Protein chains: 2
Amino acid sequence: MAISIKISLNQGLYQRDPQETSLGKKIIKHAILLIDEIGFESFNFKRLAARMESTEASVYRYFENKHMLLLYLVSWYWEWVSYLIDIHTMNIEDPSKRLKIIIQTFVKASKENPAIEYVNESILHRIIITEGTKAYHIKQVDKENQEGFFLNYKHLSEKVAAVIKEVNPTFPYPRALASNLFEMANNHIYFAQHLPRLTDVKVEQDNFDEVEKMLEYLTFRLLEK
Amino acid sequence: MAISIKISLNQGLYQRDPQETSLGKKIIKHAILLIDEIGFESFNFKRLAARMESTEASVYRYFENKHMLLLYLVSWYWEWVSYLIDIHTMNIEDPSKRLKIIIQTFVKASKENPAIEYVNESILHRIIITEGTKAYHIKQVDKENQEGFFLNYKHLSEKVAAVIKEVNPTFPYPRALASNLFEMANNHIYFAQHLPRLTDVKVEQDNFDEVEKMLEYLTFRLLEK
DNA sequence: CAATAATGATAGTAATGCTATTGTTGATAA
DNA sequence: TTATCAACAATAGCATTACTATCATTATTG
């Protein structure tokens, strides 16, 4: 029996909810594969349609443009990580332990059991690492922020900040540390793989242990009293 | 008398060296202004040419495409920050003091005296903050890395890592801390301005003091023995 | 002053980023 | 069972983008 998770996202992200139809799911599935394959700059709806054997016009019925599709994927990932954190920390009392699990989730979300058949979480993780920040480094950021398009990131970040505060209530930068942990997790996997002189950690195959170890070390040095 | 700095960049970044001609300088100048104005996604060579009253073909004689132009600007910025660090730390003995100056430079490079008349450093800084990472979050990163297109970032990062090692030779992640300081400086200015719930610092007008204070705090907590 | 390099002017082409229209299919409801 | 309707496919079309090519003109330099 498959467990069915329904990730809830801001309705403004899409024209028609892709989770509701089989064509919608197909769009998500192939978008993830294709962006990973050719990169976000080369990705477009015509190529996507060709790949999934549908038409450009049909894709446009689900997403306004490729930026919104990326934002949808990124939001989906934020929400998914948030969900993973919830289920993994549910019964854990010790906030330090919870924070460790959070770090592990940031780094290794992609190693989880696949939750949804049309989303390849491992490949999506690669997209987040490479293309993720492009979703909010845009000219229209304030407008989209007003429409609540980045709420999933904020919620995730605030969830983590709350745990940081539990670990050390006097630490003055819990939100910054929370968002930085997420960004750093992605960045240093990327650096290790592509620009290794910008980091100290090594990543072989899909072994991100050193990244996790580094984040743990930094975090608990900052939070120790 | 104007002080004349010549920033040296990888020749592969451009087709013709823009620092050598007045048209080249004009391209740099107006590219900075226009990217800041309309964002990198909307920016293109036709618009740039129109703005500077030249032609598209002429711009293409200097840069292969807009990605290379962005990479040129980002490299220029890395190199300029590197230069600022050199002159500001030149006579400082104490490595902790040098590191503080580095942090200040990361955050406030844009407040420096303009060094080159055709580069508005303050506006360039805004571009780095918003668009900077797009220069290396690309599909072709490995190929471009092989050609040495990111050397300026690496050198900057290694320069900072060396000082970090001086402050605390046992700290296990000097390179990661170095690159993270640079990324964090930019990120948290951006967050404070656009997505304030992702950070704890406030930025009013062009006052980045809180970002600087935060980076100092984090850095020296990590490095204290 | 001759030669040559840089730029401007113009045109053109393939790809991109859409929108519109019309036809087909498959599900639902009367 | 058929009428209705929504979703999707098929096709076309158009403005913009991302270049490349050619040729004329203007600066530079030897």
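Use the structure listed above.
In every chain, residue numbers begin from 1 and rise along the written sequence. Key to labels: chains lettered from A, ligands numbered from 1, both in the order written. Per-residue local features of the predicted model are confined to residues with pLDDT of at least 70, and side-chain atom pairs are confined, for both listing and counting, to 80 or more; whole-chain, interface and lining totals are unaffected and use all residues. As a convention, hydrogens and water are excluded, and side-chain values are obtained from all of the structure's heavy atoms.

## Considerations on the overall build of chain A
Phase 1: Helix and strand definitions here come from DSSP, where helices need a minimum of 4 consecutive H or I residues and strands a minimum of 2 consecutive E residues; each element is numbered from the N-terminal end. Within chain A, the secondary structure is distributed over 10 helices and 0 strands.
Phase 2: The order of helices and strands in chain A, counted from the N terminus, is α-α-α-α-α-α-α-α-α-α.
Phase 3: Structurally, chain A occupies a C-alpha span of about 60 × 45 × 35 Å along its principal axes.
Phase 4: Counting across all 225 residues of chain A, residues that qualify as buried make up 58%.
Phase 5: Any pair of residues with heavy atoms lying within 4.5 Å of one another is described as a contacting pair. Of the contacts made within chain A by residues no fewer than 6 positions apart, 70% connect residues no fewer than 24 positions apart.
Phase 6: Counting only carbon and sulfur atoms, one obtains 47% of the accessible surface of chain A, whose full area is about 9,900 Å².
Phase 7: Charge assignment: positive for Lys and Arg, negative for Asp and Glu; neither His nor the chain ends contribute. To locate a charge, take NZ of a lysine, CZ of an arginine, CG of an aspartate or CD of a glutamate. Each charge class in chain A can be summarised by its mean position, and for the 28 positive and 30 negative side chains these summaries are 2 Å apart. The buried label goes to any residue with under 20% of its type's maximum accessible area, the exposed label to any with over 50%, and the partly exposed label to all in between, with areas taken from a 1.4 Å probe on protein chains only. Accessible surface area values rest on a Shrake-Rupley calculation with a 1.4 Å probe, where residue burial reflects the displayed protein chains alone.

## Points about the protein's contact with DNA strand C
Phase 1: One heavy atom suffices: a residue is near a molecule or strand as soon as one of its heavy atoms comes within 4 Å of it. With respect to spatial proximity, 14 residues lie near DNA strand C, and among them Arg47(A), Glu56(A), Tyr60(A), Ser54(B) and Tyr62(B) are the closest.
Phase 2: The share of sugar and phosphate among atoms of DNA strand C within 4 Å of the protein is 63%.
Phase 3: Definition of a polar contact: a pair of N or O atoms within 3.5 Å, with one able to donate and the other able to accept a hydrogen when the atoms are protein atoms, and with sequence-neighbouring residues admitted only if both atoms are side-chain atoms. Here a sugar or linking oxygen of DNA strand C and a side-chain polar atom of Tyr60(A) are 2.8 Å apart.
Phase 4: Here the surface near DNA strand C gets 3 residues from one element, more than from any other, and that element is helix α3 (residues 56-60) of chain A.

## Considering the environment of Leu33(B)
Phase 1: Take Leu33(B): it is sitting in helix α1 (residues 22-38).
Phase 2: Separated by 91 residues in the primary sequence, Leu33(B) and Leu124(B) place their C-alpha atoms 8.1 Å from one another.

## Brief notes about the interface of chain A and chain B
Phase 1: With 54 residues of chain A at the contact, the number on the chain B side is 54 residues.
Phase 2: Buried area: the accessible area, evaluated with a 1.4 Å probe, that two parts lose upon being put together, summed over both parts. Approximately 4,600 Å² of surface area, both sides summed, lies buried where chain A meets chain B, with 56% of it carried by carbon and sulfur atoms.
Phase 3: Contact with chain B buries surface across chain A, with His137(A), Tyr173(A) and Arg197(A) losing the most and accounting together for 17% of the total.
Phase 4: Salt bridges are counted wherever a side-chain nitrogen of Lys or Arg sits within 4 Å of a carboxyl oxygen of Asp or Glu. At the junction of chain A with chain B, the criterion picks out 2 salt bridges.
Phase 5: The interface formed by chain A and chain B includes 24 residue pairs in polar contact (both at pLDDT 80 or more).
Phase 6: Only α1 (22-38), α6 (121-131), α7 (141-146), α8 (151-167), α9 (174-194) and α10 (209-223) of chain A provide two or more residues apiece to the side of chain A that touches chain B.
Phase 7: Counting residues per element, the side of chain A that touches chain B draws most heavily on α9(A), at 13 residues.

## Focus: the protein's contact with DNA strand D
Phase 1: As a matter of local geometry, DNA strand D sits amid 15 residues, with Ser54(A), Ser58(A), Tyr62(A), Arg47(B) and Glu56(B) nearest to it.
Phase 2: Per the 4 Å cut-off to the protein, sugar and phosphate atoms form 69% of the nearby atoms of DNA strand D.
Phase 3: The contact in question runs from a phosphate oxygen of DNA strand D to an N or O atom on the side chain of Tyr62(A), over 2.8 Å.
Phase 4: At 2.9 Å, a side-chain N or O of Arg47(B) approaches a phosphate oxygen of DNA strand D.
Phase 5: Residues are grouped as follows: nonpolar covers Ala, Val, Leu, Ile, Met, Phe, Trp, Tyr, Cys and Pro; charged covers Asp, Glu, Lys and Arg; every other residue, Gly included, is treated as polar. Tallied by class, the residues present in the surface near DNA strand D amount to 4 nonpolar, 6 polar and 5 charged.

## Concerning the relation of the copies chain A and chain B
Relating the two copies of this chain is a rotation about some axis coupled with a shift parallel to it.
Phase 1: Least squares is the method used to superpose the copies, on C-alpha atoms of residues holding a pLDDT of at least 70 in both. Laying chain A over chain B is done by rotating through 180 degrees and shifting 0.0 Å along the axis; what remains is an RMSD of 0.0 Å. Both copies of the chain, as the preceding transformation shows, are related through a two-fold rotation axis. Minimal C-alpha separation from the rotation axis in chain A is found for Leu222(A), amounting to 3.1 Å.
Phase 2: Both copies contact each other with a shared surface, as 100% of the interface residues of chain A are interface residues in chain B too.

## Quick notes on the pattern of salt bridges
Phase 1: By the definition in use, this model includes 22 salt bridges over all chains.
Phase 2: Between Arg51(A) and Glu37(A) there is a salt bridge; the shortest N-O distance is 2.9 Å. Note that Arg51(A) is positioned in helix α2 (residues 45-51) and Glu37(A) in helix α1, a separation of 14 residues in sequence.
Phase 3: Judged by relative accessible area, Glu37(A) falls into the partly exposed class, the value being 44%.
Phase 4: With a closest N to O distance of 2.4 Å, Glu131(B) and Lys134(B) form a salt bridge. Each member of the pair, Glu131(B) as well as Lys134(B), is classed as buried.
Phase 5: Among the ionic contacts, a cluster of salt bridges with common partners joins Glu41(A), Glu131(A) and Lys134(A).

## Observations concerning the packing of aromatic side chains
All names here are of chain A.
Phase 1: Pairing of aromatic side chains requires ring centres within 6.5 Å, counting the rings of Phe and Tyr and the six-membered ring of Trp. Pairs whose planes differ by under 30 degrees are stacked, by over 60 edge-to-face, and all others tilted. Following the criterion strictly, the structure yields 34 aromatic pairs over all chains and no others.
Phase 2: For the ring pair Phe45 and Tyr60, a centre distance of 4.9 Å and an interplane angle of 70 degrees mean the geometry is edge-to-face. A residue pair is termed long-range when its members are at least 10 positions apart, and Phe45 in helix α2 and Tyr60 in helix α3 qualify at 15 residues.
Phase 3: On the basis of relative accessible area, Phe45 is assigned to the buried category, the value being 4%.
Phase 4: Overall, the relative accessible area of 40% leaves Tyr60 in the partly exposed class.

## Examining α9(A)
Phase 1: By definition here, a helix of n residues has an expected span of 1.5 Å times n minus one. With 21 residues, α9(A) extends 30 Å from end C-alpha to end C-alpha; this agrees with the ideal 30 Å at 1.5 Å per step.
Phase 2: Most of α9(A) sits out of view: 19 of its 21 residues are buried.

## Remarks on the environment of Asn207(A)
Phase 1: Mapped onto the elements, Asn207(A) comes out in the loop between α9 and α10.
Phase 2: Along the sequence, Asn207(A) and Asp36(A) sit 171 residues apart, while their C-alpha atoms lie 19 Å from each other.

## Focus: helix α4 (residues 66-89) of chain A
All names here are of chain A.
Phase 1: Helix length check: α4 (24 residues) gives 35 Å between terminal C-alpha atoms against 34 Å at 1.5 Å per residue, within 8%.
Phase 2: Within α4, 18 of the 24 residues are buried, which leaves it mostly tucked inside the rest of the structure.
Phase 3: Where α4 begins, one side-chain oxygen reaches toward the backbone nitrogen of His67, 3.2 Å away; that side chain belongs to Asn65.

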